[in-house]
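# Commentary on secondary and tertiary structure
Now for the letters of each chain:
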Amino acid sequence: MLFGRPRIWGRHPDELTIRIDDPVGRALIRPHGSASRIGATGSAARTGRDSAVKLGDSVVIRPAYGSDHLRIEKARAENSAWLKPWEATLPVGSTEELPDIWTYQRQVDRQQKRGTSLVMMVECDRQPLGLITVSNVQWGAMCQGVLGYWMVRKAAGVGLGALCVAGVIDLMIGELGLHRVEVNVRPENDRSLGLCQKIGLREEGYKKRYMCIAGRWADHVSFALDTESWPEGGIVQSVWKMPLTLT
């Protein structure tokens, strides 16, 4: 719940909210239970109808603020086994301490007010389905940000992540004026590599021991999109043949 309707990146939150109506009926994503899922171990498992999330009439991607972070953290904890192999961790010997949820909430909300990060929650019928963050935002000569995302297990494997990530990149470049958005993916993460390729991100290189993941320094493949390579009308229009809809 948003209290006091704070300004985020100098705008009302509704101006940064993306609404995707009837994504299954419009064939923007696959019906739940229709796809095979690659789990954290890399083995394929059939996704049954009973285990998949039931999408309602619309999917909303909006700024997370205040108590939203508690709902997101609950969803992340419930999916910890699914997400843990891909989560960033502090390296051995680090003197830094991870903030508790309350400290994190205050820190990230201040950053969103200043326009140095953006945390977008994906939800359907008020149920959190995932999170897309744009962090390390730099303005001036760099004018760029780094995007990361996760989806709950029951919402994975139907194309929802690609659609939502594309929408957020369109928002960052087309509406908020970033020149460049970067996405870094572990080379063994076939699902995320496929997402970057599907939405037309440019592969820029291989970063050795780029980030500490699950306790170990992990290599990453770097992708990016900038204003010059952003398709006319945006990624969503280019790939799904529909305009991005802001509420």
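Let me sum up the structure you'll find in this document. Just so you know, the residues in each chain are numbered from 1, in the order the chain's sequence is written. At least 70 in pLDDT is required for a residue's local features to be given in this predicted model, at least 80 for side-chain atom pairs to be given and counted, and no such filter applies to totals for whole chains, interfaces and linings, which use all residues. The side-chain quantities take in all heavy atoms of the structure and omit both hydrogens and water.

### Digging into the side chain of Arg71
With respect to the secondary-structure elements, Arg71 resides in helix α1 (residues 68-78). Within polar-contact distance, the side chain of Arg71 engages the backbone oxygen of Arg126 at 2.4 Å. Only heavy atoms enter the contact rule, under which two residues are in contact if any of them lie within 4.5 Å. Excluding anything up to four places from it in sequence, Arg71 contacts Arg62, Met121, Glu123, Arg126, Gln127 and Pro128. Counting from the N terminus, the helices are the DSSP runs of H or I reaching at least four residues and the strands are the DSSP runs of E reaching at least two. In the analysis that follows, any N or O atom pair within 3.5 Å is treated as a polar contact, provided that within protein one partner can donate a hydrogen and the other can accept it, and provided that, for residues neighboring in sequence, both atoms belong to side chains.

### A look at the packing of α1 against helix α3 (residues 101-114)
Here an axis means a line fitted to C-alpha atoms, over the contact stretch when the element is a helix, while the angle between two N-to-C directions is reported on a 0 to 180 degree scale. Where α1 contacts α3, the two axes come as close as 10 Å, and the packing angle between them is 125°. Taken as axis vectors, α1 and α3 run oblique relative to one another. The element α1 and its partner α3 pack so that their crossing is right-handed. Within the contact between the two elements, α1 uses His69, Leu70 and Glu73 and α3 uses Ile101, Trp102, Tyr104, Gln105, Val108 and Asp109. All residues other than Ala, Val, Leu, Ile, Met, Phe, Trp, Tyr, Cys, Pro, Asp, Glu, Lys and Arg, Gly among them, are scored as polar; the first ten of these are nonpolar and the last four charged. Counted by class, the contact of α1 with α3 contains five nonpolar, two polar and two charged residues. Should an angle fall under 35 degrees it is called roughly parallel, over 145 degrees roughly antiparallel, and 65 to 115 degrees roughly perpendicular, with every other angle called oblique. Two helices cross in a left-handed way if the nearer one is turned anticlockwise from the farther one by less than a right angle. They cross in a right-handed way if the turn is clockwise.

### Considering the packing of aromatic side chains
For Phe, Tyr and Trp, rings pair up if their centres lie within 6.5 Å, where Trp contributes its six-membered ring, and each pair is then called stacked (planes under 30 degrees apart), edge-to-face (over 60) or tilted (otherwise). Following the criterion strictly, the structure yields one aromatic pair and no others. For the ring pair Trp9 and Trp139, a centre distance of 5.5 Å and an interplane angle of 65° mean the geometry is edge-to-face. Placement of Trp9 in the segment before β1 (18-21) and of Trp139 in the loop between β6 (127-138) and β7 (144-151) is noted, with a sequence separation of 130 residues between them. Burial here depends on accessible area, computed with a 1.4 Å probe over protein chains only, as a share of the maximum for the residue type. Under 20% is buried, over 50% is exposed, and the range in between is partly exposed. Judged by its relative accessible area of 12%, Trp9 falls in the buried class.

### With respect to the environment of Asp125
One can find Asp125 in the loop between β5 (118-124) and β6. Linking Asp125 and Val59, residues 66 residues apart in sequence, is a C-alpha distance of 7.9 Å.

### Considerations on empty space enclosed by the protein
Every definition here rests on a 1 Å grid over the protein atoms only: cavities are sets of points where a 1.4 Å probe fits but cannot get out, pockets are open sets enclosed by protein on both sides within 12 Å along at least five of seven lines, and lining residues have some atom within 4 Å of a point. Grid points are joined across faces, edges and corners, and a volume is the space filled by probe spheres set on the points. If you walk through the whole model with that rule in mind, you get two cavities of 30 Å³ or more. Reported here for the second largest cavity is a volume of approximately 30 Å³. Taken together, Ile18, Ile20, Ile61, Leu163, Gly167, Val236, Met242 and Leu244 make up the full set of residues lining the second largest cavity. Put simply, the parts of the chain that give the lining of the second largest cavity at least two residues each are β1 and α4 (160-175).

### Quick word on the side chain of Gln105
For Gln105, the location among the structural elements is in helix α3. We classify Gln105 as buried; its relative accessible area is 16%. The contacts of Gln105, once residues within four sequence positions are left out, are Gly66, Ser67, His69 and Leu70.

### Looking at unusual backbone geometry
Look at Asp22: it is not a glycine, yet its phi comes out positive at around 45°. Along the chain, Asp22 falls in the loop between β1 and β2 (36-38). Accessibility expressed as a relative area gives 38% for Asp22, which makes it partly exposed.

### As for the pairing of strand β8 (residues 180-185)
Burial within β8 is extensive, with six of its six residues counted as buried. Side chains Arg180, Glu182 and Asn184 project from β8 onto one buried face, and the interleaved Val181, Val183 and Val185 project onto a second face that is buried too. Two strands are said to pair when DSSP picks up at least two bridges between them. Across four bridges, the pairing between β7 and β8 is parallel. Residue pairing in the sheet places Val146 in a bridge with Glu182 of β8. Viewed with both strands pointing away, a crossover whose connecting path from the first strand over the helix to the second turns clockwise is right-handed. Note that the unit made of β7, α4 and β8 has a crossover that is right-handed.

### Concerning the sheet that holds β1
Across the sheet, eight strands lie side by side as β1-β4-β5-β6-β7-β8-β10-β9; this open sheet has mixed pairing. Where the open sheet ends on each side, the last strands, each with one partner, are β1 and β9 (202-213). Strand-to-strand, the axes of this sheet are offset by a mean angle of 25°, without reference to chain direction. The pairing of β1 with strand β4 (residues 58-63) spans four bridges and is antiparallel.

Remember, this is a structural readout, not a statement about activity or role.
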